[in-house]
Protein chains: 2
Amino acid sequence: MAKARHSRFDCSPGCAVEAAVGLIDGKWKSVILFHLLSGTLRFNEIRRIIANVTPRMLTNQLRELEEDGLIIRTVYAQVPPKVEYSLSPLGRSMEPVLLALKGWGDAHIGLYGKPKGHDPRETDVAA
Amino acid sequence: MAKARHSRFDCSPGCAVEAAVGLIDGKWKSVILFHLLSGTLRFNEIRRIIANVTPRMLTNQLRELEEDGLIIRTVYAQVPPKVEYSLSPLGRSMEPVLLALKGWGDAHIGLYGKPKGHDPRETDVAA
DNA sequence: GCCTATAGTGTCGAAAAGGATACCATCATG
DNA sequence: CATGATGGTATCCTTTTCGACACTATAGGC
């Protein structure tokens, strides 16, 4: 069922940022979109590319992306079934965002998902 | 290569995307970062800017951002307390990402947090 | 008759995230 | 003495998210 994400929000500047993030959060959405940048994919292709995603979750995330108008789902009436997912124009317009994220991640993230930077564990104390 | 056993990060390209998103998800993080782009802010300033955030959540999100090395917390030893939050260099390096998100949001998001774009109500069915 | 493949669905339950509300210590001011 | 300001905590509770696992229909091939 549709979640009431961001349903009502008194928008200060920055709200747009949160709303945009809201569309690509969820455990797998950003990755799905990123891979769709390279072209159309079928359900099981995505499953194979993104190891460890369960079919339930994948369906779930794809449906939400579709609801938000970011991807297009095309069903071919044949057996065995064939369903293709591709970016909508709106989804394609996310490209700069996705590339920015990818670029940032490649530059700053170690293999464990934590940022590289220097040790952040000390708090500055000023007079 | 010392590639530690694949947790979830034996990653296909796109993993960096997910990791980057992981740092700015959470209900308020992206908005906090966005506002810090304009300069240092105190706890209650952020509270006032982002209406509807409870102190508990704000503390929570700020601590996580600090742990991830994106922001710096500076405590002034005085009464009443004064604590300033500012972007670390790592946090500042998020600027392109945040601006991309903001730009996308401004361009594509209506007042209800749903993307504008065309109507995704119907699913394409192909032969 | 059995196995394979596709694209899912259904149910269960644990865990995480988020929200409401109340409370704390300190000092200056009136 | 009471009030206000600051930067938080503590406790409780509800909602949302996520993962495991089992299960389905159809058709073709062996």
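Worth saying up front: this structure is predicted, and the values here are computed from it rather than measured.

Caption draft 1: Inspection of the overall build of chain A at higher detail. Counting its regular elements, chain A contains six helices and four strands. Its helices and strands taken in sequence order, chain A reads α-α-β-α-α-β-β-α-α-β from the N to the C terminus. The burial tally for chain A puts 36% of its 127 residues in the buried class. When contacts within chain A are restricted to residue pairs at least 6 apart in sequence, those whose partners lie at least 24 apart make up 48%.

Caption draft 2: Summary view of the protein's contact with DNA strand C. Near DNA strand C there are 18 residues, and of these A:Asn44, A:Pro55, A:Pro80, A:Val83 and B:Lys27 occur at the shortest range. Elements represented by at least two residues in the surface near DNA strand C include exactly helix 3 (43-49), helix 4 (55-67) and strand 3 (82-87) of chain A together with helix 4 (55-67) of chain B. Of the residues contributing to the surface near DNA strand C, the split by class is nine nonpolar, four polar and five charged.

Caption draft 3: Structural view of the protein's contact with DNA strand D. Near DNA strand D, the surroundings consist of 20 residues, among which A:Lys27, B:Asn44, B:Pro80, B:Pro81 and B:Val83 are the closest. Of the residues contributing to the surface near DNA strand D, the split by class is ten nonpolar, four polar and six charged.

Caption draft 4: Local environment of helix 4 of chain A. All names here are of chain A. Here helix 4 spans 18 Å end to end across 13 residues, near enough to the 18 Å set by a 1.5 Å rise per residue. In this fold, the buried residues of helix 4 make contact with helix 2 (29-36), strand 2 (71-76) and strand 3. Phi turns positive, to about 80 degrees, at Gly69, one or two residues after helix 4.

Caption draft 5: View of helix 1 (residues 15-24) of chain B. When you tally the buried positions in helix 1 of chain B, you get nine out of ten residues, the bulk of the element. For helix 1 of chain B, the full list of buried residues reads B:Cys15, B:Ala16, B:Val17, B:Glu18, B:Ala19, B:Ala20, B:Val21, B:Leu23 and B:Ile24. Where helix 1 of chain B is buried, its residues touch helix 1 (15-24), helix 2 and helix 6 (95-108) of chain A together with helix 2 (29-36) of chain B. After helix 1 of chain B finishes, the residue B:Gly26 shows a positive phi value of roughly 85 degrees.

Analysis parameters
Residues numbered from 1 in each chain as written. Chains lettered and ligands numbered in written order. Predicted model: local features only at pLDDT ≥ 70, side-chain atom pairs only at ≥ 80, totals over all residues. Helix = DSSP H or I, 4+ residues; strand = E, 2+ residues; numbered from the N terminus. Buried ≥ 20, exposed ≤ 12 C-beta atoms within 10 Å, placed from the backbone. Contact = placed C-beta atoms within 7 Å. Near = placed C-beta within 6 Å. Nonpolar A, V, L, I, M, F, W, Y, C, P; charged D, E, K, R; others polar. Expected span 1.5 Å × (residues − 1).

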